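# Secondary and tertiary structure notes
Next come the chains, spelled out residue by residue.
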Amino acid sequence: MSTQAATGERTLHVSGMTCASCVAHVEKALAKVPGVEAASVNLATETATVTAAPDVAFEALEQAVERAGYEVVRDETVLDIEGMSCAACVGRVEKVLARVPGVVDASVNLAARRARVVSAGSVDTAALIEAVKKAGFEARPAAAANEDARENAAEIERRELVRDVWIAAAMTLPVFVLEMGSHFIPGVHEWVMATLGHTLNGWIQAVLTTAVMFGPGLRFFRKGVPALLRGAPDMNALVALGTGAAWSYSLVALIAPGLLPEGTANVYFEAAAVIVTLILVGRLLEARARGRTSEAIRRLMKIAPRTARVRRDGEAVELPIGEVAVGDVIEVRPGEKIAVDGELIEGESFVDESMITGEPVPVEKAAGDTVVGGTLNTRGAFAFRATKVGADTVLAQIIRMVEHAQGAKLPIQALVDKVTMVFVPVVMGVAALTFIAWMIFGASPALSFALVCAVAVLIVACPCAMGLATPTSIMVATGRAAAMGVLFRKGDALQELSRAEVVAFDKTGTLTLGRPQLTDLVTAEGFEREEVLAWVAAVERRSEHPIAEAIVAAAREAGLKVPEAEGFEATAGHGVRAQVSGRRIEVGADRMMRGLGLDVAVFAGTAERLGDEGKSPLYAAVDGKLAAIIAVADPLKDTTVEAIRALHAMGLKVAMVTGDNARTAHAIARLAGIDDVAAEVLPDGKVEALERLRGEGRRIVFVGDGINDAPALASAEVGMAIGSGTDVAIESADVVLMSGDLAGVPRAIALSRATMKNIRQNLFWAFAYNAALIPLAAGVFYPAFGLLLSPIFAAAAMSLSSVFVLSNALRLRWFAVASDRRAL
């Protein structure tokens, strides 16, 4: 994720957040910093995105986060520096790096020719490299060091959790057996009393539980107690309060039972120990699941090779990818990945672009064709000239888009934020009321019941699942979408797309191929199709009309030898003529044929069909005889009809907005099954056409590919750009289809609907589940049914709610086109 100075957007990596209330506290703290316009925190990615004035220092943001009780993780970027020769060079490089916004510290090692840059938030590596270049030196990323840093940090955290879980479990098991075994296993109580005695048994439990609480469980107190003192309690505070109360009460019952009312001097060490252990297990499962949610990014980052075979001084040299420059000629062998973006200059091959476009069929490449870094060369060897390297490549842009979308906060999250701001204080209030009610109205021993029920309320209501419900689904869905060739440039498009009612398409280049092709050539009796096509192509080769180019291209694709034409003549509004292989060939409209005295009625049926399809027929005459009827048109893409059929099956209305003439537009609409047509619309009129389609508040998705589509893409609730289209169209869109396959449109909408359904399931589980268990934990059902929720089961239930939410979100990883309708 990169800092975007132009938009005033900064990204911080925040550690220590565990639940939705943590998110709310960090957002609130950042929003209070002078100059900050907005702050959005994503629990799943552990990032805070801040929109602020350019003069807002990263240090101010960092201090705000730290005052809220959390920590900003400082990123480290490693650069290899060339051109340094002395200590003065070192000083100059350190100085220019330190000036880059977001950089906290920069240190340069002259011997290693390496710079380590520490930043308080994500700083664009390109900005660091540019700063070094301006100082007169060369810099490139030390790729392996940068790529693996955060992954290593996450792995260290997971290893620490695994260690703590095992330690906590090893010390909790004896406590659980000594206490609960005495209640449920015949003979255990007698054995414990005979061998250990009541006092020693209590002290063993006390020592082991204390080790669990202030060993592996110390993290809850380190975070929770300061949060309580600041008046901003979070999930850690609830755990610290609940387990601390159970432990303290038990310690008093063990050391000074006379201080407690008669009959209430019971110990609950096993509850405190088991709660800590279960919540640690839940945290471990969360960490592992979170790792899987970000697999899409890691997979994308590992697509590009780390070296390239570059021609230098007439020889092919293996170089690190960071040393490849624009203009370098790179050689690629069969089975190798393409290092960077470029243009083929030698050889030909078939390239598997599925990791970029989602399309499984390899694409044929020849001289002049473009290739994309990270794609796989399947057959022949070739050489290409690098046109984009580093952060400018398509793959790098895709990674940035996916990261940006994964860090987005959907409108539905606003509800979660409002609830979680008051949820923890309300839970603490409910726990306090529970304690008081049991003390006043509860059965004997009231104090024991009051403690157990209050602790159960505190534990079962921890809002971990609430904070994970939305962002985990977004992370998995956007990663899955990228694998299918659908890129969400804006995360909130995920929600908007699910509510779409009308899908409007541009025609040329979107529904159609965007270039004229020979679609029909029907010959008269006595003429062969290939022969007539070769003669007509010979004449048209002398013309510059787009129709002529399509006819010549069709002849070449058919493998025909096109002869030379002589005496070429063009008559405006009529047609062209020439001598080809001793024959007089004339090609033109029906009026040209009538001028030659030829009757075109023999092709009346074919001409009528072509007219219905929106095609204008041409005729060919050979030596004064009518030889063929020809039609050239911009045909529908192979996937257009299937995509529109899929949209109809999803209950959506389909429209077309085009500048083409009405007759052609309506003919295309009939062929494709389109419901509504707005034809002969100028670029600035496309927005008005969308307003008409919007009608009474209907939500519009607009799909286009050209510069003239940019206003409509921006105007629609969701703009979808064809990835093969212009940069302007792509920049104006919310969603980008990396290939020209229109099946990506229903695919994206189906994934959006599945994601929103997944989020609603998560939120229901997180809210309803916790809310339903609070009355049980408070003991509401005890007088009538004798039901109580043990704090141990409360901890297990709370952990399971988070694991359920994460597991449910991970189901989106297997979202497939074949199951689109079922996934809805």
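Source: prediction; values computed, not measured.

Cut-offs applied
- Residues numbered from 1 in each chain as written.
- Predicted model: local features only at pLDDT ≥ 70, side-chain atom pairs only at ≥ 80, totals over all residues.
- Heavy atoms only, no water.
- Helix = DSSP H or I, 4+ residues; strand = E, 2+ residues; numbered from the N terminus.
- Phe/Tyr/Trp six-rings, centres within 6.5 Å; stacked < 30°, edge-to-face > 60°.
- Buried < 20%, exposed > 50% of the residue type's maximum accessible area, 1.4 Å probe, protein only.
- Lys NZ or Arg CZ within 6 Å of the ring centre and 35° of its normal.
- Pairing = 2+ DSSP bridges.
- Axes fitted to C-alpha atoms, helices over the stretch in contact; angles between N-to-C directions.
- Contact = heavy atoms within 4.5 Å.
- Polar contact = N/O pair within 3.5 Å; in protein donor to acceptor, adjacent residues only side chain to side chain.

### Description of the environment of R760
Assignment of secondary structure puts R760 in helix α28 (residues 744-778). Residues R760 and T470 lie 290 residues apart in sequence; the distance between their C-alpha atoms is 8.5 Å.

### What about the packing of aromatic side chains?
Under the defined criterion, the tally for this structure stands at nine aromatic pairs. Taking 5.2 Å as the distance between ring centres and 75° as the angle between the ring planes, the aromatic pair formed by F214 and W247 counts as edge-to-face. Of this pair, F214 sits in helix α7 (residues 197-214) while W247 sits in helix α9 (residues 235-255); the two residues are 33 residues apart in sequence, bridging distant segments of the chain. For W247, a relative accessible area of 17% puts it in the buried group. Ring pairing ties together the aromatic residues F214, F221 and W247, which thus form one cluster. Over the face of the ring belonging to F350 we find R379, whose NZ or CZ atom lies 4.5 Å from the ring centre.

### Details of the sheet that holds strand β4 (residues 71-73)
Read across the sheet, four strands follow the order β2-β3-β1-β4 without closing on themselves; strand pairing throughout is antiparallel. In this open sheet, the two strands that pair with only one neighbour each are β2 (36-42) and β4. For this sheet, the mean angle separating the axes of adjacent strands, direction not counted, is 35°. Here β2 pairs with strand β3 (residues 47-52) via six bridges, running antiparallel. Along β3, the bridge assignment pairs V36 with A52. Helix-sheet contacts for helix α1 (residues 20-31) involve β1 (9-15), β2 and β3, and the interaxial angle to β2 is about 160°. Relative to β1, helix α2 (residues 58-67) is tilted by about 35°, and along the sheet it contacts β1, β2, β3 and β4.

### Some thoughts on the environment of T512
Secondary-structure assignment places T512 in the loop between α18 (507-511) and β20 (517-523). For T512, a relative accessible area of 0% puts it in the buried group. When the C-alpha positions of T512 and D638 are compared, they lie 8.8 Å apart, and in sequence the two are 126 residues distant. Those residues in contact with T512 that lie beyond four places of it in its chain are K507, D634, P635, L636, K637 and I668. One polar contact links T512 to D634, side chain to side chain, over a distance of 2.5 Å.

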